[in-house]
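Each chain, written out:
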Amino acid sequence: MNTSRARSVETLSQSDADQAGKPTGERLFDIAAALFCEKGYAATTTREIAAAAGIQQASLYYHVTGKEDLCIRSAFLRWSSFFAEVQAAVTPPVIRWSELRSLPAPISGRFCGTRYGT
């Protein structure tokens, strides 16, 4: 591995402060996804993923069954998060009657069945 790639993989595990508090399994998925994006699936090895996570290669297999499992689970987590964000963005907000009554009279009257000024 050339030195620029080595530095890139090295900084991958050290640069994100939020990675420190995450369980090893979650960190593995983030690191694997980043390496797959950077180098491609075929060019990324489980040895590199383990090294970037700061664990032994054998320890990686405690969390996943292999590189394919890392790829699938990383993609699933990313897509699940994406779909949750989309659902939150398109789900209409819940409006309560008490909130409508607190609107100015001309607006709340249309929703709450009262006439203006009453």
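Everything quoted here is computed from the prediction, not taken from an experiment.

1. Topic: the packing of aromatic side chains
- Within this structure, the stated rule accounts for four aromatic pairs.
- Aromatic pair Phe36 and Tyr41: ring centres 5.3 Å apart, planes at 50°, arrangement tilted.
- By relative accessible area, which is 12% here, Phe36 ends up buried.
- By relative accessible area, Tyr41 is classed as partly exposed at 35%.
- Judged by centre distance (5.6 Å) and plane angle (35°), the ring pair of Trp79 and Phe83 falls under tilted.

2. Observations concerning helix α2 (residues 24–39)
- With 16 residues, α2 ought to run about 22 Å at 1.5 Å a step, and its terminal C-alpha atoms sit 22 Å apart, in line with that.
- What α2 keeps buried is the set Gly25, Arg27, Leu28, Phe29, Asp30, Ile31, Ala32, Ala33, Leu35, Phe36 and Lys39.
- Taken from the residues just after α2, Gly40 is the one with a positive phi, measuring 95°.

3. Some thoughts on helix α5 (residues 67–90)
- The end-to-end C-alpha distance of α5, which contains 24 residues, comes to 35 Å, matching closely the 34 Å that a straight helix rising 1.5 Å per residue would cover.
- If you check which residues of α5 are buried, you get Lys67, Asp69, Leu70 and Ser74.
- On its buried face, α5 is in contact with α2, α3 (46–53) and α4 (57–63).

Cut-off values and rules
- Residues numbered from 1 in each chain as written.
- Predicted model: local features only at pLDDT ≥ 70, side-chain atom pairs only at ≥ 80, totals over all residues.
- Heavy atoms only, no water.
- Phe/Tyr/Trp six-rings, centres within 6.5 Å; stacked < 30°, edge-to-face > 60°.
- Buried < 20%, exposed > 50% of the residue type's maximum accessible area, 1.4 Å probe, protein only.
- Helix = DSSP H or I, 4+ residues; strand = E, 2+ residues; numbered from the N terminus.
- Expected span 1.5 Å × (residues − 1).
- Contact = heavy atoms within 4.5 Å.

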